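Okay, here's what each chain looks like letter by letter:
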Amino acid sequence: MQQVPASVRQWLIVVAGMIFFMIVIGALTRLTESGLSMVEWRPVTGWLPPLSDVAWQAELQKYLASPQGRMVNHTFTVPEFREIFWLEYIHRLWGRLIGVVFALPLAWFWWRGALNAHLKPRLFALLVLGGLQGALGWAMVASGLVDRPSVSHYRLAAHLMLAVVLYAYTVWLILDLIPHGVRRGDPKTARKSTALIGFLLVVMIWGAFMAGLRAGTAHNTFPTMSGYWIPPGLFDLSPGWVNFFENGTTIQFVHRWLAKLLFLGVLVMAWRAPRSETLAAAAMAFFQLGLGIATILSGVSIPIATLHQAGAVLLLTALIVVRHRAMPSPQRPVSAILRG
C-alpha cells in the first residue's frame, strides 16, 4: 500500500484535540445558557464580533427581541450581554477554525498524493459531517428563537452526538496510522468494548437530555433521589413512554442507572482481560462516575459538570483504544509505513 507521511497522523491529532476542546466549550456554553446570545447565523461573514458601541447596542436589541431576551434577560445591559455573547462567539469561531484546520491540510495532502485509498473517502466523510455539524448547531439554536427561551433537548443531543462521532472517528483513524500499533486479536474483548462504546453513547444521549431539560437540578442527592430509590413522578406524563424523553425526573433516573451499569461493564471487562488499556478504561470509569456524583451533589456546578462531559469523552477514548487493540493485526497495515 502507498505510504502515508507521519505528518498526516500529527495533523489528525491536532484536529481531534480541537474537537475535544470544542465539546468542552459547548458544555460551558450550554451550562451558562450563552448559546442563544447570537440570534443570527452568518457562516461566512459572522466571524467578526461587534466592534463599536453602536454595534453592541444593535446586537443587544436583536437578542432582547428573542424569546430568551424577552422572557429571561429583559433587563440586560450591554456589559451583561457581553458576558454570555463572548462564550457563544468563541464556540462558533472555534468551529470555523476546526473547519479551516481540517480542510486546508486535507486539500494539501490530497494534492500532494500523500493519502492512500483507505484514507481518502474517510477523510472526505469527516469533511462533509463537519459541515453538517455547523448546520445542525444552527438548527439547534433556531429551536430556541421561535417561542421558547431554550433549545430543543433533542437537537441538543443530536448536536453533541455528531461532535462525539466526529471525534471518535478521528481518534480511530489516528490509531490506524500508528506504526507497529498493538493488536491483540482478542474477539471477546473486541465484542465487549464495542458493546460498551454503544452503551456509553446511549448514556451520553440521556446526559444531553438532562442538560437540555435542566433535569440535573431536580434531585441533588446520591445514591437516592431526594431520599427515594424510585422517586415519585416517574410517569406523570401521558403516554407513558414519553416520560423517558421529556420528564426530567425520569431522564435523571435513567441516566443514573445506565451510568452505573456502564461502570460495572467496564470493570468486568478489565477484570476479564487485565491489560494496560482495559485497566486505564476502568480507572477512567471510576473517575467519570465520581464526576457524575459530584455534579449531582453540587447542584450542577458549572466547572464540575463541564469536567463530567469531558470525562465522558475521555472514557470513550479509552474504550476506543481497547477496541482497536483487540483487533487482529492486519496483513497489510492501513498506514503502510509512516515516513518521517
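It should be noted that the structure appears before, not after, this text.
These notes cover the structure that comes with them. Positions within a chain are numbered from 1, following the residues in the order the chain's sequence is written. At least 70 in pLDDT is required for a residue's local features to be given in this predicted model, at least 80 for side-chain atom pairs to be given and counted, and no such filter applies to totals for whole chains, interfaces and linings, which use all residues. Side-chain metrics in this entry use all non-hydrogen atoms of the structure; hydrogen atoms and water are not considered.

1. Notes on the nonpolar core
- Counting 64 residues, the largest nonpolar core has Val 8, Trp 11, Leu 12, Leu 123 and Leu 319 as its most contacted members.
- In this description a helix means any DSSP run of H or I spanning at least four residues, a strand means any run of E spanning at least two, and both kinds are numbered starting from the N terminus. Where this core is concerned, the elements lending two or more residues are α1 (6–31), α4 (78–112), α5 (119–142), α6 (153–176), α7 (187–213), α9 (248–272), α10 (276–297) and α11 (302–325).
- When residues of this core are assigned to their parent elements, the largest contribution, 13 residues, is made by α6.
- In this view, Leu 12 contacts Phe 102, Leu 123, Thr 170, Leu 173, Ile 174 and Leu 177; residues no more than four positions away in its chain are not counted.
- Judged by nonpolar contacts, the second largest core, of 11 residues, contains Leu 60, Leu 64, Phe 76 and Phe 85. Throughout this description, the term nonpolar core refers to a set of buried Ala, Val, Leu, Ile, Met, Phe, Trp, Tyr and Cys residues connected via side-chain atoms within 4.5 Å. Here the term buried applies to any residue with accessible area under 20% of the maximum for its type, exposed to any over 50%, and partly exposed to those in between, with areas from a 1.4 Å probe on protein chains only. Contact between two residues is taken to exist if any of their heavy atoms lie within 4.5 Å; hydrogens are not considered.

2. Quick notes on unusual backbone geometry
- In this structure, Pro 223 follows Phe 222 across a cis peptide bond, with omega equal to 10°.
- Along the chain, the position of Pro 223 falls in the loop between α7 and α8 (243–246).
- For Val 300, which is not glycine, the phi dihedral falls at a positive 65°.
- Considering the arrangement of structural elements, one finds Val 300 in the loop between α10 and α11.
- Note on Val 300: relative accessible area 23%, which makes it partly exposed.

3. What to know about empty space enclosed by the protein
- Every definition here rests on a 1 Å grid over the protein atoms only: cavities are sets of points where a 1.4 Å probe fits but cannot get out, pockets are open sets enclosed by protein on both sides within 12 Å along at least five of seven lines, and lining residues have some atom within 4 Å of a point. Grid points are joined across faces, edges and corners, and a volume is the space filled by probe spheres set on the points. All chains considered together, the criterion is met by two cavities of 30 Å³ or more.
- Volume-wise, the largest cavity comes out at about 50 Å³.
- Forming the walls of the largest cavity are Met 38, Glu 40, Trp 41, Arg 42, Gly 46, Glu 59, Arg 92 and Arg 96.
- When residue character is reported, Ala, Val, Leu, Ile, Met, Phe, Trp, Tyr, Cys and Pro are called nonpolar, Asp, Glu, Lys and Arg charged, and the others, Gly included, polar. Residue classes in the lining of the largest cavity are distributed as two nonpolar, one polar and five charged.
- Volume-wise, the second largest cavity comes out at about 30 Å³.
- Residue lining of the second largest cavity: Pro 223, Thr 224, Met 225, Tyr 228, Trp 229, Arg 256, Trp 257 and Lys 260, and that is the complete set.

4. A word on the packing of α6 against α7
- All axes here are fitted lines through C-alpha atoms, helices being fitted over the stretch that makes contact, and every angle between N-to-C directions spans 0 to 180 degrees. Put simply, α6 and α7 touch, their axes get as near as 8 Å, and they point 140° apart. Put simply, α6 runs oblique to α7. Crossing of α6 over α7 shows right-handed handedness. Where α6 approaches α7, its residues His 153, Tyr 154, Leu 156, Ala 157, Leu 160, Met 161 and Val 164 are matched on the opposing element by Leu 201, Met 204, Ile 205, Ala 208, Phe 209, Ala 211, Gly 212 and Leu 213. By definition in this entry, angles of less than 35 degrees are roughly parallel, angles greater than 145 are roughly antiparallel, angles of 65 to 115 are roughly perpendicular, and the rest are oblique. The hand of a helix crossing depends on one turn: near helix anticlockwise from the far one by less than a right angle means left-handed, and clockwise means right-handed.

5. A short note on a positive patch on the surface
- Surface patches are drawn from residues lacking salt bridges whose relative accessible area is over 30%; two like charges belong together within 9 Å, two nonpolar side chains (Val, Leu, Ile, Met, Phe, Trp, Tyr) within 5 Å. The protein chains shown are the only cover counted for residues, whose accessible areas, like all others here, come from Shrake-Rupley with a 1.4 Å probe. What makes a salt bridge here is a side-chain nitrogen of Lys or Arg within 4 Å of a carboxyl oxygen of Asp or Glu, nothing more. Counted charges follow a simple rule, with Lys and Arg positive, Asp and Glu negative, and His plus the chain ends left uncounted. Taken as the charge centre is NZ of Lys, CZ of Arg, CG of Asp or CD of Glu, depending on the residue. There is a patch of like positive charges on the surface, built from Lys 188, Arg 191, Lys 192 and Arg 272.
- Looking at which element gives the most residues to the positive patch, the answer is α7, with three residues.
- Relative to the assigned elements, Lys 188 resides in helix α7.

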